[in-house]
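# Breakdown of the fold
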Amino acid sequence: MKPCLPASLRVIERGWLSSNNILFLEGGSATLVDSGYVGHAAQTQALVAQRLGGRHLERLINTHSHSDHIGGNAALQAAHGCEIFIPAGIEEHITDWNEEALLLSVAKQRVDRFRHDGLIRAGEMIEMGGLPWRAHHAPGHDMEALVFHCPTEKLLISGDALWQDGFGIIFAEILGLAEPGAALQATRQTLDRIASLDVRTVIPGHGAPFIDVEDALERAYKRLAAFEQDPARMSRNAIKACFTFNLLDLGALPAADLAAYLQSVPLFRDLAQRVLEMDAEALATWLTSELLRAGAIALENGTLVPRRAA
Amino acid sequence: MNGADDCTGDEPASPCIGLCQMDDETGLCKGCFRTLEEIAGWSGASERDKRVVIEANRLRREMHDPDADMNCNCED
């Protein structure tokens, strides 16, 4: 069944390189949650303008600080003069523009620098689209991430903490940024927290809004259990997902350059050495065969391209 | 737009392929061949409207060179 959403809320469903953009209409003004990837900023601007229909974009709120959710911030800030609100805990990284902490240099992803105007703290109530939303801390994929729950409409804006099929890469775990097991445990607590909320419809960071919340949670718990049992699986998945993401940004990469490319990205280099115990050539061979088999990429005349078949 | 519609529960998946750049000449996305209105309205569209868009995409794709601009979004 198709989710029934309040009229003041418009979901602009995007793909995997750009997160969904959720627009709240508030009389003559509006609030946007998440802004997509920087390479798509022009289209994001045009889509938001189309949906604004002459309203003033007053606020832009981010669920978390990854490149596919904050990439359009600078362009929208420049175009609309909107105030930008970020989850508390990342303000230093944004103010100092710490590309390592924002995982930009680590994963070779891009974001145009922006300034923030305010913070949203876990537990706070905010109004969006005339509806009350409570911010809940949702660590795991991102340790400072927030999800937004509207108890009256039983809606959850889940960011990358819960998708219809899974959740985002647990970066702090695979990169060793937290105590071993801590980010996995946080992910479990986040799923528990979501399960405890009264939710009828989830608007995820990627993919269509969905109502089969219990099934989604079951899949997420199952995936988490598999990671807990075999942490290396988490790293293998992360390499595949991050490379597919980067290839969407690059558009194409000569297969002959893959090993050198993987070697140039700290995330791939580090995981290959530390977890998979593979050199760059072996990683390139393994990755190519895995992604071709999964149909995530294609090999055309010696060039790796994202799978473009719709 | 956002209310109940005549869906059967079998919602077509978004045709987005992650290219997400508009072609100024055609007014269509270079990746999925949708107009801005079709992309912006996708999530709230009825199942039937989504199928109409997908069929229109197929025809538009055939009219354009399907390989055009495939490798032209390299920005690094």
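The structure we're discussing is the one just above.
First things first, this report covers the structure right here in the doc. Please read all numbers here as calculations on a predicted model, not as lab measurements. (Residues numbered from 1 in each chain as written. Chains lettered and ligands numbered in written order. Predicted model: local features only at pLDDT ≥ 70, side-chain atom pairs only at ≥ 80, totals over all residues. Heavy atoms only, no water.)

## Considerations on helix 9 (residues 231-250) of chain A
Quick reminder of the rule: Numbering of helices and strands runs from the N terminus, with a helix taken as a DSSP run of H or I at least four residues long and a strand as a DSSP run of E at least two residues long. The span you would expect from a helix comes to 1.5 Å times its residue count less one.
Here helix 9 of chain A contains 20 residues, and its C-alpha end-to-end distance of 29 Å stays within 8% of the 28 Å for a straight helix at 1.5 Å per residue. Trailing helix 9 of chain A by a residue or two, Gly251 of chain A shows a phi angle of about 90°, which is positive.

## Remarks on the nonpolar core
All names here are of chain A. The condition is simple: We call a set of buried residues a nonpolar core when its members are Ala, Val, Leu, Ile, Met, Phe, Trp, Tyr or Cys and they connect through side-chain atoms within 4.5 Å of each other. For every residue, the accessible area (1.4 Å probe, protein chains only) is compared with the maximum for its type, and the residue is labelled buried under 20%, exposed over 50%, or partly exposed between those bounds. Domain extents, as shown, originate in an automatic or database domain assignment. Contacts between residues were defined by any pair of non-hydrogen atoms, one from each residue, lying within 4.5 Å.
Counting residues in hydrophobic clusters, the biggest one holds 54 residues, and the most contacted among them are Ile174, Phe243, Leu262, Leu267 and Phe268. Sorting elements by how many residues they give to this core places helix 9 first, with seven residues. Counting only domains with at least three residues in this core, you end up with domain 1 (9-229) and domain 2 (231-306). Residues contacting Ile174, with those up to four places away along its chain left out, are Ile169, Met234, Ser235, Ala238, Leu267, Leu271 and Arg274.

## Concerning the pairing of strand 13 (residues 297-300) of chain A
Residue and element names in this part refer to chain A. We apply this condition: Note on pairing: DSSP must find at least two bridges between two strands before they are called paired.
In the sheet, strand 13 pairs with strand 14 (residues 303-306) via four bridges, with the strands oriented antiparallel. Bridged to Leu299 within strand 14 is Leu304. What sits between the antiparallel neighbours strand 13 and strand 14 is a turn of two residues, in which Asn301 has the positive phi angle 50°.

## Comments concerning helix 7 (residues 182-196) of chain A
Residues and elements named next belong to chain A. The following threshold applies: Working note: the arc is built from the helix axis to C-beta atom directions.
Its 15 residues give helix 7 an end-to-end C-alpha distance of 21 Å, which sits within 8% of 21 Å, the value for a rise of 1.5 Å per residue. Listing the buried residues of helix 7 in full gives Ala183, Leu184, Ala186, Thr187, Thr190, Leu191 and Ile194. Summarising the axial view, the buried residues of helix 7 lie within an arc of 160°, below the 170-degree limit, and thus occupy one face. Elements that come into contact with the buried residues of helix 7 comprise strand 10 (155-159), helix 6 (171-174), helix 8 (213-229) and helix 9.

## Regarding the environment of Ser105 of chain A
All names here are of chain A. Structurally, Ser105 is set in helix 5 (residues 104-107). Residue classification places Ser105 among the partly exposed residues on the basis of a relative accessible area of 35%. With 99 residues separating them along the chain, Ser105 and Pro6 place their C-alpha atoms 39 Å apart. In contact with Ser105, other than residues within four places in its own chain, are Glu99, Glu100 and Pro266.

## Here we look at the sheet that holds strand 12 (residues 253-254) of chain A
Across a sheet, paired strands are connected by hydrogen bonds in the backbone, their directions being either parallel or antiparallel. Residues and elements named next belong to chain A. What counts, and what does not: Here an axis means a line fitted to C-alpha atoms, over the contact stretch when the element is a helix, while the angle between two N-to-C directions is reported on a 0 to 180 degree scale.
Pairing within the open sheet is antiparallel, and its three strands lie in the order 12-14-13. Every interior strand has two partners, whereas the edge strands, strand 12 and strand 13, have only one. Taken together, the two bridges between strand 12 and strand 14 define a ladder with antiparallel strand orientation. Bridged to Leu253 within strand 14 is Leu304. Across the face of the sheet, helix 9 comes into contact with strand 12, strand 13 and strand 14 while running at roughly 95° to strand 14. Contacting strand 13 and strand 14, helix 12 (residues 280-294) crosses the sheet at an angle of about 110° to strand 13.

## Here's the deal with the sheet that holds strand 7 (residues 125-128) of chain A
Residue and element names in this part refer to chain A. One open sheet accounts for five strands, arranged 7-8-9-10-11; its pairing is mixed. Of all the strands in the sheet, the pair left with one neighbour each is strand 7 and strand 11 (201-204). Recorded for the sheet is a direction-independent mean angle of 30° between the axes of neighbouring strands. As paired elements, strand 10 and strand 11 share four bridges and run parallel to each other. Across the sheet, Leu155 pairs through a bridge with Thr201, a residue of strand 11.

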